[in-house]
Amino acid sequence: MRASTGICVLLLTLGACGAGEGAEPTALPESATTAVAVETTEAMPAPGSATTSTTSAPVTAPATTTSTTAAPALSGPGFDTWIAVLASLPTTDYDKSGAEAYAADLGVPGAGVLLSDDYASLNAGYWVVYRGGYDFQWEASQACDAAANAAPDCYVRHLAGVDPAQAVGRSHGTAFGVTALADFVIIDLATGVVLRTIALGYDAESPGHPALHPTGATVYYSVGFEDFWFSCDASDGMLMELDLAGGRAEQVGDGFSPAISSDGATLMYLASSECFPDPAEPQFVLAPIDAVVWRDLTDGTETRVVLPPAGEQAEGYELWTATLGPDGSALVLDTAGVVWRVTREGAVAAVFDLAAQFDMPIDGHSWTVVGHDRGLDRLLVAETTRDGDDGRTLVHGLDLVGGTAETYAAYSGDAGMALDVLTGSHLAAATGRVLQVDGETIGLSVDLVDIAW
């Protein structure tokens, strides 16, 4: 892939590099402020809560994690695998040979012994008698079932090789990226070196819109399916939570475009309120994205606001991308190019019209909400244009009060970008094998399509 370079990239807090088209404020669509129904659902499981099943496989395979440094010698299976724990023997009471004799006496085929100190996800100080490692959690659960007579207290554990205290994010000098191969990577911002790769095996699915929790321990992202028009489950998309310490991902909802509040208390995302057969082609389904959902990450309760029915809009209309504003409201861009402010109480107001501002038709699929820059008090949106193999991405700052726009940065190619989660005023943009952070260019060994930091 051709290395891309920024045409005009400045530290956003230093000001704009050029005014956007259409300097005069423009009238918004006739929507003033509309009250809509608000629905509060039952509590969802809190992040990190244990959920295991012996009857169904997880949505995705656990990660395959690699490192740029030499792998340590392990006493058991490789990292990011699953084991059935048959017994845990304190190292103060057993040496390795004694633990191996214990494992042999159990009579469980394939039983082995590992040292828990080798794995960050296990409590230190034990010889672990186990079966595994398995690629899937459900395989380890089945191994426990098979060993129930010999080890009735058998349980499942994930083998992680990363210290859970090693957080990700700008303040830690690292970034989370999505590669062109749909793998996840942790990148050293000083050198561009890939510190870790988390491969979840996505193929016909497309992961994107990563949102990093301020603790740097968790990433939320959405997954879209290649043949999403064939079923309601696929059309809704999947909202995923990735534990960066263990490399485990689990589905925590149906929806797209997650965003997290700066205090880490609230997750917001977009979703469909209904799914129905396509009137023109009943063998396909339609599930327009028309709802904004807030989830309290402390207790899991959700509030859902459904915007005016998509059927009242032009064919193909739906919400596209969103972020959280400083007051906790959602700032949502629809496919017609209108930015909406939506509150939990159900107030919906159009606050910017990109089509009128730039005096051209807006295809929302070519525009993306980057985030609300807290330093500039501007909503940043990215505009991507393509001409054959060439293209460019412009970053516009929208003044939602004055109704004007300025162009802050331009990149060659299709850029994935994000504001840092802690301050919300530093911009990172990934274009292929180039990462630009506040105007500093960092070469990469992988092609990035999206980023969070």
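**Re the overall build of the protein**
A count of helical and extended segments in the protein gives 4 helices and 33 strands. In the protein, which comprises 453 residues, the share counted as buried stands at 50%. Within the protein, contacts between residues at least 6 apart in sequence are counted, and of these 56% link residues at least 24 apart. If you sum the accessible surface of the protein, you get close to 20,100 Å²; carbon and sulfur atoms cover 51% of it.

**Examining the packing of aromatic side chains**
The tally for this structure, following the rule as stated, stands at 7 aromatic pairs. For the pair F79 and Y119, a centre-to-centre distance of 5.7 Å together with 85° between the ring planes defines the contact as edge-to-face. Within this pair, whereas F79 is found in the loop between strand 5 (64–67) and strand 6 (81–90), its partner Y119 is found in the loop between strand 7 (112–115) and strand 8 (126–134), the two being separated by 40 residues in sequence. Among the aromatic residues, those joined into a ring-pair cluster are F176, F184, Y202 and Y221.

**A closer look at the sheet that holds strand 8**
An order of 7-8-6-9 is seen for the 4 strands of this open sheet, with the pairing classed as antiparallel. At either end of the open sheet lies a strand with only one pairing partner, and these are strand 7 and strand 9 (155–159). Across this sheet, the average inter-strand angle for adjacent strands is 50°, counted without regard to direction. Pairing of strand 6 with strand 9 involves 5 bridges; the strand directions are antiparallel. Bridge pairing in strand 9 places T81 opposite L159. Those strands touched by helix 1 (residues 96–106) are strand 6, strand 7 and strand 8, and its axis lies near 55° from that of strand 8. In the packing of helix 2 (residues 137–146) onto the sheet, the strands contacted are strand 6, strand 8 and strand 9, and the crossing angle to strand 6 comes to about 45°.

**What to know about the side chain of T266**
Position of T266 relative to the elements: it lies in strand 18 (residues 266–272). For T266, a relative accessible area of 13% translates into the label buried. A polar contact of 3.1 Å, which involves the side chain of T266, links it to the side chain of R344.

**With respect to the pattern of salt bridges**
Tallied over the full model, the rule gives 3 salt bridges. Between R295 and E302 there is a salt bridge; the shortest N-O distance is 2.7 Å. Of the residues examined, R295 reaches a relative accessible area of 4% and is grouped as buried. The exposure class of E302 is buried, given its relative accessible area of 4%. The salt bridge partner of D447 is R433, with a shortest N-O separation of 3.2 Å. In this pair, D447 is assigned in strand 33 (residues 440–452) and R433 in strand 32 (residues 427–437), connecting sequence segments 14 residues apart. On the accessibility criterion, R433 (40% relative accessible area) is partly exposed.

Cut-off values and rules
- All residue numbers here refer to positions counted from 1 along the written sequence of the relevant chain.
- Only residues with pLDDT of at least 70 get local features here, since the model is predicted, and only at 80 or more are side-chain atom pairs given and counted; chain-wide, interface and lining totals rely on the full set of residues.
- Hydrogens and water molecules were not included; the side-chain quantities draw on all heavy atoms of the structure.
- Secondary structure follows DSSP: runs of H or I at least 4 residues long count as helices, runs of E at least 2 residues long count as strands, and numbering of each begins at the N terminus.
- Partly exposed describes any residue whose relative accessible area lies between the buried limit of under 20% and the exposed limit of over 50%, with all areas from a 1.4 Å probe on protein chains only and scaled to the type maximum.
- By definition, residues are in contact when any of their heavy atoms lie within 4.5 Å.
- Accessibility throughout is a Shrake-Rupley quantity obtained with a 1.4 Å probe, and a residue counts as covered only by protein chains that appear here.
- Note on ring pairs: Phe, Tyr and Trp rings are taken, using the six-membered ring of Trp, and paired if centres are within 6.5 Å. Classes follow the plane angle, with under 30 degrees stacked, over 60 edge-to-face and the rest tilted.
- Pairing between two strands requires that DSSP report at least two bridges joining them.
- To get an axis, fit a line to the C-alpha atoms, keeping to the stretch in contact for a helix; angles then go from 0 to 180 degrees between the N-to-C directions.
- What qualifies as a polar contact is a pair of N or O atoms within 3.5 Å, subject to a donor-acceptor requirement within protein and to the restriction that residues adjacent in sequence count only when both atoms come from side chains.
- One speaks of a salt bridge when a side-chain nitrogen belonging to Lys or Arg is within 4 Å of a carboxyl oxygen belonging to Asp or Glu.

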